[in-house]
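Below are the chains, spelled out letter by letter.
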Amino acid sequence: MAKKSFAELINSPGMPVLVDFYADWCGPCKAMAPILQQVAAQHQGKLKVIKVDVDRNPAAAQQFRVQGIPTLILFHQGQPVWRQSGVVPEPQLNQVLAGYVGK
């Protein structure tokens, strides 16, 4: 199976895509990981969550002007509709996602 391009990943038809820009050495990114796993499990089949390592994918990070990590960007039909830098608590993240998931 060929590796999908970033553009293909965020253009998931009918399903919002939450992208986590992170790095392995980033402490707050590690704090965000279990929150994202929980959110992904809660919205399984209605939301795609992908992680992008900024050290391995600098072009994707530059394309969306990611300056601090972790940065979460929610894409809906390929367009960024929400973004937040830093750790986002699960209730706040679910509140944001409620407006896009299951539409």
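The structure reproduced in this document is the subject of the present report. (Residues numbered from 1 in each chain as written. Predicted model: local features only at pLDDT ≥ 70, side-chain atom pairs only at ≥ 80, totals over all residues. Heavy atoms only, no water.)

So, about the overall build of the protein chain. Counting its secondary structure elements, the protein chain contains four helices and four strands. Element order for the protein chain, N to C, with α for helix and β for strand: α-β-α-β-α-β-β-α. Relative to its length of 103 residues, the protein chain is compact, with a C-alpha radius of gyration of 13 Å against a globular reference of 13 Å. Viewed in the frame of its principal axes, the protein chain has a C-alpha envelope of about 35 × 30 × 25 Å. Burial status across the protein chain gives 41% buried among its 103 residues. Restricting to contacts in the protein chain with at least 6 residues of sequence separation, those with at least 24 account for 69%. When the accessible surface of the protein chain is summed, it comes to about 6,000 Å², and 53% of that surface belongs to carbon and sulfur atoms. Across the protein chain, the centroid of the 10 positively charged side chains sits 7 Å from that of the 6 negatively charged ones. (Helix = DSSP H or I, 4+ residues; strand = E, 2+ residues; numbered from the N terminus. Rg over C-alpha atoms; globule rule 2.2 N^0.38 Å. Buried < 20%, exposed > 50% of the residue type's maximum accessible area, 1.4 Å probe, protein only. Contact = heavy atoms within 4.5 Å. Areas by Shrake-Rupley, 256 points an atom, 1.4 Å probe, with all protein chains shown as cover. Lys, Arg positive; Asp, Glu negative; His and termini not counted. Charge placed at Lys NZ, Arg CZ, Asp CG, Glu CD.)

Quick look at the state of the cysteines now. Two cysteines whose sulfur atoms are joined by a covalent bond form what is called a disulfide. Here the structure, examined in full by the defined rule, presents one disulfide. What pairs with Cys26 in a disulfide is Cys29, and their sulfur atoms sit 2.3 Å apart. Across the disulfide from Cys26 to Cys29, rotation about the S-S bond amounts to roughly 80 degrees, and the bridge is consequently right-handed. (Disulfide = S-S within 2.5 Å.)

This part is about helix H2 (residues 27-42). Here H2 contains 16 residues, and its C-alpha end-to-end distance of 24 Å stays within 8% of the 22 Å for a straight helix at 1.5 Å per residue. Along H2, the sharpest kink reaches roughly 25 degrees, centred on Ala33 and followed within four residues by the proline Pro34. All of the buried residues in H2 are Cys29, Met32, Ile35, Leu36 and Val39. Buried residues along H2 sit in contact with strand E1 (17-22), strand E2 (48-53), strand E3 (71-76) and helix H4 (90-98). (Expected span 1.5 Å × (residues − 1). Bend = angle between axes of the 7 residues up to and from the residue.)

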